[in-house]
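Coordinates in review
Each chain is listed here by its residues.
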Amino acid sequence: MTDALVLKDVRKSYGNREAVHGISLDVKEGEIFGLLGHNGAGKTTTLRMISTLLRITSGSISVYGHDVTTEPEKVREVISYLPEDAGAYKDLTGRAYLEFISKFYTTGEAQKEMVRRGIEIADLGDRIDSKVDTYSKGMMRRLLIARAIMPSPRLAIMDEVTSGLDVINAYEIREIIRTIARNGVTVIMSSHNMFEVEMLCDRVGMMDQGNLILLGTPDELKEKFGAKNLEEVFVKAVMKE
Ligand code: ATP
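Conventions used here
- Residue numbering note: each chain is counted from 1, following its sequence as written.
- Totals for whole chains, interfaces and linings use all residues, but because this is a predicted model, local features are given only for residues with pLDDT of at least 70 and pairs of side-chain atoms are given and counted only at 80 or more.
- The side-chain numbers reported here are obtained from all heavy atoms of the structure, hydrogens and water having been left aside.
- Helix numbers and strand numbers start at the N terminus; a helix is a DSSP run of H or I with at least 4 residues, a strand a run of E with at least 2.
- Throughout this document, a residue counts as near a molecule or strand when at least one of its heavy atoms sits within 4 Å of that molecule or strand.
- Think of a polar contact as two N or O atoms within 3.5 Å of one another; within protein, one of them needs to be a possible hydrogen donor and the other a possible acceptor, and neighboring residues in sequence only count if both atoms come from side chains.
- To measure how exposed things are, a 1.4 Å probe is used in the Shrake-Rupley method; for residues, cover is taken only from the protein chains shown.
- Note that Gly is not counted as nonpolar here; it falls among the polar residues with everything else outside the nonpolar set of Ala, Val, Leu, Ile, Met, Phe, Trp, Tyr, Cys and Pro and the charged set of Asp, Glu, Lys and Arg.
- Here the rule is simple: two strands pair whenever DSSP picks up at least two bridges between them.
- Note on contacts: a residue pair is in contact if any heavy atoms of the two residues lie within 4.5 Å.
- With axes taken as lines fitted to C-alpha atoms, and helix axes fitted only over the stretch in contact, angles between N-to-C directions fall between 0 and 180 degrees.

Focus on the environment of I50
Along the chain, the position of I50 falls in helix 1 (residues 43–50). Each C-alpha atom, one on I50 and one on G30, is 17 Å from the other, the two residues being 20 residues apart in sequence.

In structure tokens:
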């Protein structure tokens, strides 16, 4: 299987404080990989380094064979990062927002097709023509998912993608993630929701205080700790430290 993502001994310091202490992992093409961990464990920092938004302090990250430090523009061509919100563009309608974003990727008929795909993924009905700042949290997240997926990335990077969403919105977003992975898109996501990660992810990495303390499939981890679920694995692993 092709390696979509390889991290080797990756470290990140903010000033003289190290937040990520040498993480190594690999994610295969089409896999859904989940990063779990407490607040402040280093998940966002790790995802932002993979996304080329943050410089790594040492070690290496390669995305489909491209190094994030020496070939960031090649990496950006094949990834998408799910941002927390639409930033300064909330005055646009959902449709105008997708049109605006699509212009960074392509032009002409291909651009129209990208926007059509985005509107379909967002599935917001006629609210696609409402201003983004009138959207609920769930609608906003769907728009951002559409923005992240419509350019057909090879690696989708999603930070806390379902946090704060109701059951139906979270369920539907997980279905979207499953569908894109079935179509060969690799996904790396962070979550605090152990249940979600157990249902959705092929493999899981557990972070604690900047270290990757566990790595494996949900079943492997449960077996290793004699645990009923990932939550129990996590508690046992952290208590053992
Ligand atoms: P959460 O689940 O709360 O989002 P996380 O696992 O994503 O947490 P990070 O946001 O990566 O954790 O933070 C890891 C550590 O790095 C924390 O101690 C945090 O305070 C620190 N940190 C993150 N960003 C910065 C920054 N810009 N400057 C200094 N320290 C930072």
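Observations regarding the site of the ligand
In the vicinity of the ligand there are 13 residues, among which G40, G42, K43, T44 and T45 approach most closely. One of the backbone nitrogen or oxygen atoms of G42 is found 2.9 Å away from an oxygen atom of the ligand. Take H192: an N or O atom from its side chain is 2.9 Å from an oxygen atom of the ligand. If the ligand stood free it would expose 630 Å²; the protein chains cover 60% of that surface. Every element with two or more residues in the shell around the ligand is listed here: strand 2 (17–28) and helix 1. If one sorts the elements of the shell around the ligand by residue count, helix 1 sits on top with three residues. For the shell around the ligand, a count of residues per class yields three nonpolar, seven polar and three charged.

Some words on the sheet that holds strand 4 (residues 58–63)
Across the sheet, four strands lie side by side as 2-1-4-5; this open sheet has antiparallel pairing. In the strand order of this sheet, the two ends are held by strand 2 and strand 5 (66–67), each with one partner. Taken together, the two bridges between strand 4 and strand 5 define a ladder with antiparallel strand orientation. If you follow V63 over to strand 5, its bridge partner there is H66. Those strands touched by helix 1 are strand 1 (3–14), strand 2 and strand 4, and its axis lies near 120° from that of strand 1.

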